[in-house]
Each structure stands twice: as C-alpha cells, then as structure tokens.
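What follows is each chain in one-letter form.
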Amino acid sequence: MWPFKKQKAALKSGDVDYNNFAKKCIEELKVLQADFQSHYNLTWYEDWFYNETTGLLTFSTGDKELNFKYFRVGSFSERSNTWKWSWDNESTLEERKEKVKLVKEFGEKSNFPKLTNDHFDSNEIEAWEFTAIAAKLSNGIGVYRPVNDEQLKIFLVITEFVDNETAQNIKDKFVECDGHGYRRRAFVCKHLNSTTPTGFNEAFESIEDMELLEEDDFQAWCNECEAIRQQEGEWNDRSMAFAAIKLVCEKCYFEMKGLNLDRHT
C-alpha cells in the first residue's frame, strides 16, 4: 500500500502540476513563435541590439530596422548551471523586469517554487520553460535569446511591435553621457552645474526615474535666468539667449538639483 500512497501524494504535489503547466506553455510558445517568425522574419536581419534604457529590441540590415518592446525574463549560466530571474538581477533596470514579476505572483498563488525562487540550479530546457511561461502570462507576441555570451544566455519576451517613427522618438528621448552612460535627456540653462549652487527652478516638480508624458522633458534654470524670465514675462528671445539652454542627462540633472537643494536646506 505504501508505494500507492506515495504515488497518490506525488500526483497532488505542486511539481506535477507545474510540469503539466510548463509543458502546455512550451507547446503554445512553439505556435506563437512560428507565427511571430512568419510575420516578421527575423532571420533576414543581419544585426540585433537590445537597449535596457529605451526598452527597445532592434533588428537591422543596412538602413532597414525592425523594433520591438521587450522585457528580460532571466538568464541561464552554463558555467554554474543555474537560472537567475531578472527580478533578482540588480544590473537589470526596473522597467525591464516589471512584467516578469507577473510570473512570481503567479508562482506564489500556484505554489510553484521554480517561479518564486530567485536563483537556483537549472538547465537550458527549464530556461525555455520559464520563458514560455513568462510569454503566456504577459501576453507576449514572441521570444528571443540574444547570442552575446556563450556561457550566459539571456532570455527576452517580446511584447509589441514598434514602428520606426515611434522607435526613433523613443531613442531621441535619451542621450549618451560621458559620466553616466545612456540616460534620458534633460535641459538646463548654461549656469547650472554640478559644483556651484546657482538656484534651481524647474518646469514641473520632479523626482528621479519618474514617468514622463510623451511631450515632457526635465527642464530647469538658475535664479538669474528666473529673474530675467520674470522681467520679460515669458520665455522669449532675450530670456532664452541669456539661459543658453544645454542638453544633459537625467542623472546630471538630479545631481544639479540635489546640490542646490542641499545648499538651500
């Protein structure tokens, strides 16, 4: 009787349910991926590039581009034979791992430890299972595994197609900063700097990493510029000439803001 009872208990365990669920997700992913590939034909493109800051996965051949939004599921290390969910990866931006938290929430509700543990022994077959599950729970349109490191394999879920004009508008919102890398753009007057407080006036109250409307940018100017602006009653040729607006990155912007707020307090 003991073997029978043991088998019956196993059928009730989360592992069996998980295996069935994972298998179903893999089968659905095969259909999804075939449809995705037939529609977009990624093999035609010679180059690829994913940018965590913009959230864009770009394929290109010459001047022809194909863009998608994506999120990072996790990574499998062939060196240690371990899987690491992106929510446990400090180097992954929050925006690129927000959707994968759906997997963790589902795992908690379903009592599937593999979907809730952060980092554990695994294999590449399971890595594809995790990616298939993430695609299903997020209503992804496809998946992609970039070939960038033979020993560390990264798995992405593609969430939507982005036309080239929209993709360019997204890219234009960012700037390459010598000190901080690729960041969102910001605009400040020529007098604002990272060493000397000059006063800090901005177009709207801001905090670092806040969501912005499509038409908004971080904008700030010093007290002298504010005095000229008030004299003129608006931003006009004279006040704009005095401000001589310059382009900086978001990190530089908030360093300047912090410097002035610290001095004020």
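In short, a report on the structure.

Procedures and definitions
Residues numbered from 1 in each chain as written. Predicted model: local features only at pLDDT ≥ 70, side-chain atom pairs only at ≥ 80, totals over all residues. Heavy atoms only, no water. Helix = DSSP H or I, 4+ residues; strand = E, 2+ residues; numbered from the N terminus. Rg over C-alpha atoms; globule rule 2.2 N^0.38 Å. Buried < 20%, exposed > 50% of the residue type's maximum accessible area, 1.4 Å probe, protein only. Salt bridge = Lys/Arg side-chain N within 4 Å of Asp/Glu carboxyl O. Phe/Tyr/Trp six-rings, centres within 6.5 Å; stacked < 30°, edge-to-face > 60°. Axes fitted to C-alpha atoms, helices over the stretch in contact; angles between N-to-C directions. Parallel < 35°, antiparallel > 145°, perpendicular 65-115°, else oblique. Contact = heavy atoms within 4.5 Å. Polar contact = N/O pair within 3.5 Å; in protein donor to acceptor, adjacent residues only side chain to side chain.

**Description of the overall build of the protein**
Across its full length, the protein holds eight helices and twelve strands. Rg of the C-alpha trace for the protein: 24 Å, well past the compact-globule value of 18 Å for 265 residues, more than 25% over. Oriented by its inertia axes, the alpha-carbon framework of the protein measures out at about 90 × 50 × 35 Å. Residue burial in the protein is summarised as follows: out of 265 residues, 42% are buried.

**Some points on the pattern of salt bridges**
Enumeration according to the criterion identifies 21 salt bridges in this entry. Among the salt bridges present, the one from Lys97 reaches Glu94, with a minimum N-O distance of 3.6 Å. In this structure, Lys101 and Glu98 form a salt bridge, with 3.6 Å as the shortest nitrogen-oxygen distance. For Lys101, a relative accessible area of 27% translates into the label partly exposed. A single salt-bridge network, built from bridges that share partners, covers Glu78, Glu124, Arg145 and Lys153.

**Some words on the packing of aromatic side chains**
Evaluated as defined, the whole model comprises 30 aromatic pairs. Ring centres of Phe36 and Tyr40 lie 5.1 Å apart, and the angle between their planes is 50°; this geometry places the pair in the tilted category. On the criterion of helical spacing, the pair formed by Phe36 and Tyr40 is a turn pair, its members being four residues apart in helix H2 (residues 14-40). You'll find Phe36 and Tyr40 in the same group, each marked buried. Geometrically, the ring pair formed by Tyr253 and Phe254 is edge-to-face, given 5.1 Å between the ring centres and 70° between the ring planes. Taken together, Phe36, Tyr40, Trp44, Tyr45, Trp48, Tyr50, Phe59, Phe68, Tyr70, Tyr144 and Phe161 form an aromatic cluster joined through their ring pairs.

**Overview of the packing of helix H3 (residues 101-110) against helix H4 (residues 124-138)**
Running from amino to carboxyl end, H3 crosses H4 at an angle of 95°, the nearest separation of the two axes being 9 Å. As far as their axial angle goes, H4 and H3 are roughly perpendicular. From H3, Leu102, Val103 and Phe106 reach across to H4, where they touch Ile133, Ala134, Leu137 and Ser138.

**Let's talk about the side chain of Asp217**
One can find Asp217 in the loop between strand S10 (201-202) and strand S11 (218-221). Given the relative accessible area of 10%, Asp217 is considered buried. Within the structure, Asp217 has its side chain in polar contact with the side chain of Lys173 (distance 3.4 Å). A polar contact of 2.9 Å, which involves the side chain of Asp217, links it to the side chain of Arg185. Once residues within four sequence positions are removed from consideration, Asp217 is found in contact with Lys173, Arg185, Phe187, Phe204 and Leu212.

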